[in-house]
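Understanding the architecture of this molecule
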2 protein chains.
Amino acid sequence: MILCDIGNTSVDLFSEGKCTKFSAESFDPATLHDDVYYVSVNVSLNKHLREHTNWHDLRELIDWGKYYPTMGIDRIMVCEAVEDGVIVDAGSAITVDVMRGGVYQGGFISLGLRAAQEAYVRVSPALDMSFNFEVDLAKMAKNTPDALTVGFMAPLIEKIERLGKPLYITGGDARLISRFFSEAIVDEELIFKGMTKLIEKGVKC
Amino acid sequence: MILCDIGNTSVDLFSEGKCTKFSAESFDPATLHDDVYYVSVNVSLNKHLREHTNWHDLRELIDWGKYYPTMGIDRIMVCEAVEDGVIVDAGSAITVDVMRGGVYQGGFISLGLRAAQEAYVRVSPALDMSFNFEVDLAKMAKNTPDALTVGFMAPLIEKIERLGKPLYITGGDARLISRFFSEAIVDEELIFKGMTKLIEKGVKC
């Protein structure tokens, strides 16, 4: 069995404990002959996937009553992985969700690190500076890179800290932002754990 | 005496308690014959202003040792207006600064409301939704507009609340964001108050 997470730019395959990344543009689903369970936000790839009987869309196994109709499928998957806790998925957006006793409590969406930095540059060329990941977020800043980093990171990190524990962090920027938390579980395979749990539940029904 | 705040898109004149806005593109400094004290971030207008002897750049009166070299002149001006408090200037960026006993404590820069909304759309067309200014920021969201609004606003508002009181809010979005604070002084003329104080101090020296 192969698990597959399809975004707009990349396709992540997970099989036998290993994750392999492909470009979404050149990815050909016909190259895989095993059963593939997938989640996808990629509209143009979705059409091709439906032509292959060994590709199974996990969207059909979701209990949508637990979540909300426009919620990203990848967000739902990381929530499915966690019975109790706060889940941060730090990618192009940073999604923050809370699960308690297996029940979805709601969440919010912040900009991803790159999206935020690019947005600062659009506000003013004077703000075209990289974040300083060594900054002390507890202090008010007295230079521009620190002012941007504290401005974007401190409110968000402090808000997430107040949502409670345990805190799970996943996504491409998981390691980078995890350093700002007092205690966090970095798990880059959280989405695949959620997918596995959903398949097991689906099979049980 | 006329006070003038020159941005990249607009020129705000303040005289006898009244503020008048002009487009920066078509603004001609030669039309004013009184003494004008100005702050400007507009590089192309700056060249013309220096040709007029009745235009006085307030940059020269600033004690830069109190602030930092790359700090925006408009940010310094709103700080100059406040002896003790937290100052939020909600424009294309949202700047947050703290003054205690007339001493600058530092600050940070967040994205402005429009910049943040535009950045969300760039992350994904699925996030092309207006903020919901009626949302309860204390609650986790269960729909996309609320998830964006809570994601952007709740961390920022809560961070600002924790910086202490009194809280002054100025800038184009001052009224819009003030509703989220338990207690705030909205003052759209804060920059001109800072400029006036600086001129009075400068004259005294």
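Let us look at the structure shown here.

On to the overall build of chain A, then. Helix and strand content of chain A: six helices and ten strands. For the C-alpha atoms alone, the extent of chain A along its principal axes is close to 60 × 40 × 30 Å. Each of the 205 residues in chain A was classed as buried or not, and the buried ones make up 52%. A sequence separation of at least 24 residues applies to 43% of the contacts in chain A between residues at least 6 apart. About 9,600 Å² of surface is accessible on chain A, with carbon and sulfur atoms providing 50% of the total. Between the averaged position of the 21 positive side-chain charges in chain A and that of its 30 negative side-chain charges there is a distance of 5 Å.

With that settled, consider the pattern of salt bridges. Residues and elements named next belong to chain A. Here the structure, examined in full by the defined rule, presents 22 salt bridges over all chains. With a closest N to O distance of 3.1 Å, Lys21 and Asp12 form a salt bridge. The class of Lys21 is exposed, set by a relative accessible area of 57%. Note on Asp12: relative accessible area 13%, which makes it buried.

Residue-level contacts link 38 residues of chain A with 38 residues of chain B. Between chain A and chain B, roughly 3,100 Å² of surface is buried when both sides are summed, and carbon and sulfur atoms account for 65% of that area. Across the chain A-chain B interface, the total number found is four salt bridges. We note a salt bridge from Arg162(B) to Glu158(A), for which the minimum N-O separation is 2.2 Å. Our count for the contact surface shared by chain A and chain B stands at twelve residue pairs in polar contact (both at pLDDT 80 or more). Broken down by secondary-structure element, the contributors of at least two residues to the side of chain A that touches chain B are β7 (93–100), β8 (103–111), α3 (113–123) and α4 (144–162) of chain A. Sorting elements by how many residues they give to the side of chain A that touches chain B places α4(A) first, with twelve residues. Across the side of chain A that touches chain B, the residue classes tally to 24 nonpolar, nine polar and five charged.

Conventions used here
Residues numbered from 1 in each chain as written. Chains lettered and ligands numbered in written order. Predicted model: local features only at pLDDT ≥ 70, side-chain atom pairs only at ≥ 80, totals over all residues. Heavy atoms only, no water. Helix = DSSP H or I, 4+ residues; strand = E, 2+ residues; numbered from the N terminus. Buried < 20%, exposed > 50% of the residue type's maximum accessible area, 1.4 Å probe, protein only. Contact = heavy atoms within 4.5 Å. Areas by Shrake-Rupley, 256 points an atom, 1.4 Å probe, with all protein chains shown as cover. Lys, Arg positive; Asp, Glu negative; His and termini not counted. Charge placed at Lys NZ, Arg CZ, Asp CG, Glu CD. Salt bridge = Lys/Arg side-chain N within 4 Å of Asp/Glu carboxyl O. Buried area = accessible area lost by both parts, 1.4 Å probe. Polar contact = N/O pair within 3.5 Å; in protein donor to acceptor, adjacent residues only side chain to side chain. Nonpolar A, V, L, I, M, F, W, Y, C, P; charged D, E, K, R; others polar.

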